[in-house]
Amino acid sequence: MNTNSDYSIAFSGLTSADNIEMASRVMDKYGLEEQPEHSLSSAIQELDPVEIAPLFVGNPYDPEGQPIPISFSNATINPDTAIDLARRSMSGEQLSEDDGDFMSYATHSDGYAAVPHYEFFFPMAKALLDADIRDVSGEFRCYDNGAQVHGEVMFQDAESQLNLPDDRDPLFVGLSVGNSYDGTCAMYAQGYAMDTTCTNSMRSLTDRKSRKHIGEPSEVAEWWDEVLIQMTALRDILGEIIEEALEVEVDFLNQPYDPEEFYEHLGLPSYLARAAATTARNRSPQEGGTRTVMSFWTLHSGLTSALTHDFNGTSEVGSIETYSQIAKELLFNPQRMIGEVKSSYERQQRQDEAVDERTLEQNIAMIEQYEVTLDDRKEEFEEFENHMNGLLTNPAEN
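Every chain's residues receive numbers from 1 upward, in the order its sequence appears when written. Residue-level local features of this predicted model are given only where pLDDT is at least 70; pairs of side-chain atoms are given and counted only at 80 or more, and the full residue set underlies all totals for whole chains, interfaces and linings. Each side-chain value is derived from all of the structure's non-hydrogen atoms; neither hydrogens nor water enter the calculation.

### Things to note about the pairing of strand β1 (residues 7-12)
Then, number 1: In this scheme, a residue with accessible area under 20% of its type's maximum is buried, one over 50% is exposed, and one in between is partly exposed, where area comes from a 1.4 Å probe on protein chains only. Each helix corresponds to a stretch of at least 4 residues labelled H or I by DSSP, and each strand to a stretch of at least 2 residues labelled E; elements are numbered beginning at the N terminus. Burial of β1 is extensive: five of the six residues sit out of reach of the surface.
Then, number 2: Where β1 meets strand β5 (residues 136-143), six bridges bridge the pair, whose relative direction is antiparallel. From the neighbouring strand, S8 faces β5, where its bridge partner is R141. Here a strand pair is declared whenever DSSP counts at least two bridges between the two strands.

Below is the structure:
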């Protein structure tokens, strides 16, 4: 059992018998200098367990009385910690609130169904085994004493990698997955890819396939066969989308904002916008552009790099999901993103009383002139986006 509040478990190979090594570029992403000790199957077994425990309420008017049980709430606890505390209590040790907090993940209503990490992730490993997909690697990241688990499973075999045009390094395609015992996130899986050029995470390739912690936990085992089939289609169409994004360029010398302001108009905080713009400027010449003429693939890569290396949040849910969605939209629907930038720019400028109206109109016309150049691709962008979003959310239709 792990006792650290936050820790990670890297893995390579489906089972220990597969003798699979993690690719060097994946090791770079996770900051590893040595090959992982665990396979995916053994890493799943290392994740913390969960049980439901009853809750009791003390009566403030009967301080000497026993706590009274309640039926409308319960707690998720770590049974390994509970066993250890029971032994300490039986030996005469006085336990403290800190011990109780360490044992407990969270409190819930009585309808909450705790799905152990093992029961959620092991069917995924079984589906990989049935599909004879053994060359995998990735990492589980665990937070709050193991209550939250987020991670990636990347497919390393050459057939699963996505080859990009010209001499660009391939993308590793796989799954981003997660589960929690404390209600911070539902069980989820979504399309994922890693840009091996800069070890950037592309998290939100599809909308999440998710399920709340209610009903029968065993229902989630039915996900994984469908998800693996859909990932093949995801890889195939993603290559077409990236090729399209490489062709769509923005000349920032002909726009009334620079790359940093572009990201800010999309809703990014200044520090992330600055990091994304810096990466995009530096990467653009390598992608056939310049420091001022950038493709939407470069703009997408700038943002995914900032989210991977510079995001200063403490969670893998919440705001980072919003920013990841923006990165996905940059790749799937550039026209929509330009429309949002134009609206944000106009709102910002009209709030400034010193802005000259004529100048503002000229600048908006400049944006609109570029926007018009994307009109002939509008249907293509929307078709790509709808197809991708449907891969994990509407399996019966694919």
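### Overview of the side chain of E139
Then, number 1: Tracing the sequence through the fold places E139 in strand β5.
Then, number 2: A 3.5 Å cut-off defines polar contacts: any pair of N or O atoms within that distance qualifies, except that in protein one atom must be a possible hydrogen donor and the other a possible acceptor, and neighbouring residues in sequence count only when both atoms are side-chain atoms. Side chain to side chain, E139 and R141 meet in a polar contact 3.0 Å long.

### A closer look at the nonpolar core
Then, number 1: Throughout, nonpolar core names a set of buried Ala, Val, Leu, Ile, Met, Phe, Trp, Tyr and Cys residues whose side chains join them through atoms within 4.5 Å. Counting 81 residues, the largest nonpolar core has L40, F140, F262, Y263 and F296 as its most contacted members.
Then, number 2: In terms of residue count, helix α6 (residues 223-247) provides more of this core than any other element does, 12 residues in total.
Then, number 3: Every residue pair with non-hydrogen atoms within 4.5 Å of one another is taken to be in contact. Once residues lying within four places of it in the same chain are set aside, the contact partners of F296 are A245, V248, V250, F262, L330, P334, I338 and Y370.
Then, number 4: A10, Y30, Y192 and M194 belong to the second largest nonpolar core, which has nine residues in total.

### Details of the pattern of salt bridges
Then, number 1: Salt bridge, as used here: a side-chain nitrogen of Lys or Arg that lies within 4 Å of a carboxyl oxygen of Asp or Glu. All chains considered together, the criterion is met by 15 salt bridges.
Then, number 2: The shortest N-O distance in the salt bridge between K342 and E368 comes to 3.7 Å. Taken together, the positions of K342 in helix α11 (residues 334-350) and E368 in helix α12 (residues 357-373) put the pair 26 residues apart, joining distant regions of the chain.
Then, number 3: In this structure, E371 engages K342 in a salt bridge whose closest nitrogen and oxygen atoms are separated by 3.1 Å. With E371 in helix α12 and K342 in helix α11, the pair connects residues that are 29 residues apart, well separated along the chain.
Then, number 4: A residue is classified by how much of its surface remains accessible, and E371, at 15% relative accessible area, is buried.
Then, number 5: Three or more residues are tied together by salt bridges with common partners; here these are D84, R88, E93 and D99.

### Considerations on the packing of aromatic side chains
Then, number 1: Note on aromatic pairs: the rings of Phe, Tyr and Trp (six-membered ring only in Trp) are paired at centre separations within 6.5 Å, and the planes decide the class, stacked below 30 degrees, edge-to-face beyond 60, tilted for the rest. With the rule as written, the count across this model stands at 13 aromatic pairs.
Then, number 2: Arranged with centres 5.1 Å apart and planes meeting at 15°, the rings of Y118 and F122 form a pair that is stacked. Here the residue Y118 and the residue F122 both occupy positions in helix α5 (residues 117-130), the gap between them amounting to four residues, near one helical turn.
Then, number 3: What makes Y118 partly exposed here is its relative accessible area of 38%.
Then, number 4: Aromatic ring contacts, followed pair by pair, group F252, Y257, F262, Y263, F296 and Y345 into a single cluster.

### Some points on α12
Then, number 1: Helices are assigned an expected span. That span is 1.5 Å times one less than the residue count. Taking 1.5 Å per residue, 17 residues should reach 24 Å; α12 reaches 25 Å between its end C-alpha atoms and fits that length.
Then, number 2: Every buried residue of α12 is accounted for by L360, N363, I364, I367, Y370 and E371. The buried residues of α12 occupy one face: seen down the axis, they fall within an arc of 115°. Opposite the buried face of α12, at more than 90 degrees from it, the exposed residues are R358, Q369 and V372.
Then, number 3: At the N-terminal end of α12, a side-chain oxygen is found 3.2 Å from the backbone nitrogen of R358, two or three residues along, and the residue is D356. Along the arc lie the directions from the helix axis toward the C-beta atoms.

### Considerations on unusual backbone geometry
Leaving glycine out, the prevailing phi sign among residues is negative, and the prevailing peptide bond configuration is trans.
Then, number 1: Backbone geometry at N19 places phi at a positive 55°, although glycine is not the residue there.
Then, number 2: Structurally, the position occupied by N19 is in the loop between β1 and α1 (24-30).
Then, number 3: A positive phi is found at D132, a non-glycine position, where the angle reads about 55°.
Then, number 4: Within the fold, D132 resides in the loop between α5 and β5.
Then, number 5: A residue is classified by how much of its surface remains accessible, and D132, at 57% relative accessible area, is exposed.

### Considering the packing of α11 against α12
Then, number 1: To get an axis, a line is fitted to the C-alpha atoms, and for a helix only the part in contact is used. The angle between two axes follows their N-to-C directions and goes from 0 to 180 degrees. It is the contact of α11 with α12, at a shortest axis distance of 10 Å, that shows an interaxial angle of 175°. By the angle between their directions, the pair α11 and α12 is classed as roughly antiparallel. Contacts between α11 and α12 involve Q335, I338, G339, K342, Y345, E346, Q349 and R350 from the former and E357, L360, N363, I364, I367, E368, Y370 and E371 from the latter.
Then, number 2: Among the residues making up the contact of α11 with α12, the classes are represented as six nonpolar, four polar and six charged. Here the word oblique covers every angle except those under 35 degrees (roughly parallel), over 145 (roughly antiparallel) and from 65 to 115 (roughly perpendicular). Polarity classes work like this: nonpolar for Ala, Val, Leu, Ile, Met, Phe, Trp, Tyr, Cys and Pro, charged for Asp, Glu, Lys and Arg, and polar for all others, with Gly in that last group.

### So, the pairing of strand β3 (residues 68-77)
Where a strand is regular, its side chains alternate between the two sheet faces.
Then, number 1: Inspection of the sheet shows strand β2 (residues 51-57) paired to β3 by seven bridges, in the antiparallel sense. In the strand pairing of β3, E51 is matched with I77.
Then, number 2: Both β3 and strand β4 (residues 104-109) contribute to a ladder of five bridges, which runs antiparallel. Residue pairing in the sheet places N74 in a bridge with H108 of β4.

### Details of a negative patch on the surface
Then, number 1: Nonpolar side chains (Val, Leu, Ile, Met, Phe, Trp, Tyr) are joined into patches within 5 Å and like charges within 9 Å, using only residues with over 30% relative accessible area and no salt bridge. Only the protein chains shown count as cover for residues, and all accessible areas are computed by the Shrake-Rupley method using a 1.4 Å probe. By the counting scheme adopted, Arg and Lys are positive, Glu and Asp are negative, and His together with the chain ends is not counted. Taken as the charge location is NZ of Lys, CZ of Arg, CG of Asp or CD of Glu. Among the surface-exposed residues, E240, E243, D375, D376, E379, E380, E382 and E383 lie close enough to one another that they form a single negatively charged patch.
Then, number 2: Broken down by secondary-structure element, the contributors of at least two residues to the negative patch are α6 and α13 (378-393).
Then, number 3: In terms of residue count, α13 provides more of the negative patch than any other element does, four residues in total.
Then, number 4: The residue D375 is located in the loop between α12 and α13 in this model.

### Things to note about the side chain of S176
Then, number 1: When you line up the elements, S176 lands in strand β7 (residues 171-180).
Then, number 2: Those residues in contact with S176 that lie beyond four places of it in its chain are G151, E152, Y188, A189, Q190 and Y192.

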